[in-house]
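# Close look at the chain arrangement
Listed below, chain by chain, are the residues.
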Amino acid sequence: MKVYDIVIVGGGPAGLAAALTAASCTASVLLVDDGLQLGGQLIKQTHKFFGSSRQFAGIRGIEIARNFIHEIKKSSNIEVLTQATVTGYYEDGVLTILEGFNGNRLIKVKPKRMIVATGASENMLPFTNNDLPGVYGAGAVQTLMNVYGVAPGKEVLMVGAGNIGLIVAYQLMQANIQVKAIVEAMPSIGGYWVHASKIRRLGVPIYTSCTLKEVRGDEKVEGVTICNIDKDFNFIPQTEKELNVDTVCLAVGLSPLAELLWQADCQMAYISELCGYVPQRDENMKTSNDMIYIAGDVAGIEEASSAMVEGQVAALNAAASLNLYHKEYSQIKQKLKRQLAQLRNNSMCEAITRGVQKATIKKGGDYVYSR
Amino acid sequence: MRIQKHPILDFKHGEKITFTFQGKELEGYSDEPISAALIASGIKLLSYSRKLKRPRGFFCAIGKCSSCLMTVNGIPNVRTCVTRLEEGMVVERQ
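Residues numbered from 1 in each chain as written. Chains lettered and ligands numbered in written order. Predicted model: local features only at pLDDT ≥ 70, side-chain atom pairs only at ≥ 80, totals over all residues. Heavy atoms only, no water.

### Let's talk about the pairing of strand S1 (residues 16–21) of chain B
All names here are of chain B. Side chains Ile17, Phe19 and Phe21 project from S1 onto a buried face, and the interleaved Lys16, Thr18 and Thr20 project onto a face without burial. Of the pairings in the sheet, the one linking S1 to strand S2 (residues 24–29) comprises six bridges and is antiparallel in character. Within the sheet, the bridge partner assigned to Lys16 lies in S2 and is Tyr29. Two successive antiparallel strands, S1 and S2, enclose a turn made up of two residues, where Gln22 displays a positive phi of approximately 50°. (Buried < 20%, exposed > 50% of the residue type's maximum accessible area, 1.4 Å probe, protein only. Helix = DSSP H or I, 4+ residues; strand = E, 2+ residues; numbered from the N terminus. Pairing = 2+ DSSP bridges.)

So this is what it looks like as structure tokens:
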């Protein structure tokens, strides 16, 4: 059975950043992703990133992913497995992976350390006929459009006016697909105003205190009924409105994909500011299991920019715990801490900052640099 | 339906290949998942649920929701959203 210094589960922004940092600490790395290609949410992000130049401001997600993947290919101590699903981490330290066509081949490896960077998945919304073909997650629509150049439909109802709903609605319009309306259950738009105003300038109505009641169609979406709701989320009678659409896009929040952490018996906590059950961790991104670190959305729903920083923190410390120190361990550790604080230092991130504080159990030690 | 023009993206596809869906020959690209090729051909209904026979389609695109499962080359329960399309694949609703 092959032994690796660090196995990274998930090749999105957190996993990619972690892989390069781990390799720069001379760790042997296996990076596993269950998609067709590495990149996670980055490869579908056509918008330009915010923040400072350190956080790739002004660069599109797809470019960032391309650069990471290029560096990873060049590295001699990173092995990559795609279309491979990690299915469990067991008491004897074995990690099982299914790969090949439909996962017909079982691989077992022994990681000295693991970084779980599995990200998140889209939430479902209850409404009549929510299982009809044509009801898609917003992330799924983004993948179809931006990665594969496939139009999900011709006329879309977007459910949710958070950043994902607003951004994907804009990207649909860019792909020449009509967004008939955006409905948002809360009384105000949740996403950044810069995204909302772009969409409004294109003439797309955003109805707040409004939600999707029912979808109609013969074996596929053909029309929807939206309805206003009161402050207790009850439908207000006689406020139904019918729209003809062939696609419904759900952008009603993400939840961390934390199954591996549950299965490995990590201490978990329900933290609403982080959007669900997340593993408790120290400042080094280490969970209650000394072998397992976390990074990215699985640690709490946030953004790709913070995912990339967390990936570096996890890898830097996972490597250090194996006595594989980066030459500038202390400086980099401080720098990353400052970057995360800067990323979270705005009014929209107050909840996330609170959530992260609740999720952090004890101060992470500085691994002693010994020679 | 394929997106022809885009203000930012320039879609570089793999080679064009053929496969069958319910016995009918369709075209797709070698670097895309099976369900993307189906949706591009206007096929949204991927299978029916076991008991109530409700029509099912694509949903999460990351292999987590089980909505896109189809029988491929005789093998059932293939996650068509994270399985690469191959030349000559036989894809069927299950």
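Next, the rest of the story.
### Side note on the side chain of Asn317 of chain A
Residue position: Asn317 of chain A is located in helix H7 (residues 304–321). Looking at Asn317 of chain A, its side chain comes within polar contact range of the side chain of Tyr329 of chain A, at 2.7 Å. (Polar contact = N/O pair within 3.5 Å; in protein donor to acceptor, adjacent residues only side chain to side chain.)

### What about the nonpolar core?
Side chains of nonpolar character tend, in soluble globular proteins, to be buried together. Ranked by internal contacts, the top residues of the largest apolar core, which has 126 residues, are Ile115 and Ile182 of chain A together with Leu38 of chain B. The dominant element in this core, judged by the number of residues it contributes, is H7 of chain A, at eleven residues. Counting 20 residues, the second largest nonpolar core, distinct from the first, contains Ala181, Ile226, Leu243 and Val245 of chain A. (Core = buried A, V, L, I, M, F, W, Y, C linked by side-chain atoms within 4.5 Å.)

### Observations regarding the interface of chain B and chain A
Contacts between chain B and chain A engage 38 residues on the former and 37 residues on the latter. In total, chain B and chain A occlude about 3,500 Å² of area from one another, counting both sides; carbon and sulfur atoms represent 62% of this. Sorting the residues of chain B by area buried against chain A places Met1, Lys44 and Phe59 of chain B first, and these three jointly supply 21% of that buried surface. Here chain B is connected to chain A by two salt bridges. Put simply, Asp34 of chain A and Lys64 of chain B hold a salt bridge, and the shortest N to O gap is 2.9 Å. For the pair chain B and chain A, the number of links is ten residue pairs in polar contact (both at pLDDT 80 or more). Looking at the side of chain B that touches chain A, the elements that each hand over two or more residues are helix H1 (34–40), strand S4 (55–56) and strand S6 (75–79) of chain B. (Contact = heavy atoms within 4.5 Å. Buried area = accessible area lost by both parts, 1.4 Å probe. Salt bridge = Lys/Arg side-chain N within 4 Å of Asp/Glu carboxyl O.)

### A look at the sheet that holds S2 of chain B
Residues and elements named next belong to chain B. Strand order in the open sheet formed by five strands is S2-S1-S7-S5-S6, with mixed pairing between adjacent strands. Here the strands that pair on one side only, and so sit at the sheet edges, are S2 and S6. The mean inter-strand angle of the sheet, taken between neighbouring strand axes irrespective of direction, is 40°. Pairing of strand S5 (residues 69–72) with strand S7 (residues 90–92) involves two bridges; the strand directions are antiparallel. Each bridged residue has a counterpart across the sheet, and for Thr71 the counterpart in S7 is Glu92. (Axes fitted to C-alpha atoms, helices over the stretch in contact; angles between N-to-C directions.)

### Quick notes on the sheet that holds strand S12 (residues 210–216) of chain A
Residues and elements named next belong to chain A. Pairing within the open sheet is antiparallel, and its three strands lie in the order S12-S13-S14. Because the sheet does not close on itself, it has two edges, and the strands there are S12 and strand S14 (241–243). For this sheet the average axis-to-axis angle between neighbouring strands, irrespective of direction, equals 30°. Taken together, the three bridges between strand S13 (residues 223–228) and S14 define a ladder with antiparallel strand orientation. In the strand pairing of S14, Val224 is matched with Leu243.

### A few points about the pattern of salt bridges
Residues and elements named next belong to chain A. Tallying each qualifying case throughout the model produces 21 salt bridges over all chains. A salt bridge links Glu273 to Arg354, with the nearest nitrogen and oxygen atoms 3.3 Å apart. With Glu273 in the loop between strand S17 (268–271) and strand S18 (276–279) and Arg354 in helix H9 (residues 350–359), the pair connects residues that are 81 residues apart, well separated along the chain. Between Glu273 and Lys358 there is a salt bridge, with its nearest N and O atoms 2.9 Å apart. Taken as a pair, Glu273 in the loop between S17 and S18 and Lys358 in helix H9 lie far apart in primary sequence, 85 residues in all.

### What to know about the environment of Gly311 of chain A
All names here are of chain A. Positionally, Gly311 belongs in helix H7. Note on Gly311: relative accessible area 0%, which makes it buried. It is 9.8 Å that separates the C-alpha atoms of Gly311 and Gly12, two residues lying 299 residues apart in sequence. In this structure Gly311 touches Ala14, Ala18 and Ala295, once residues within four positions along its chain are discounted.

By themselves, these observations are geometric and do not establish any function.
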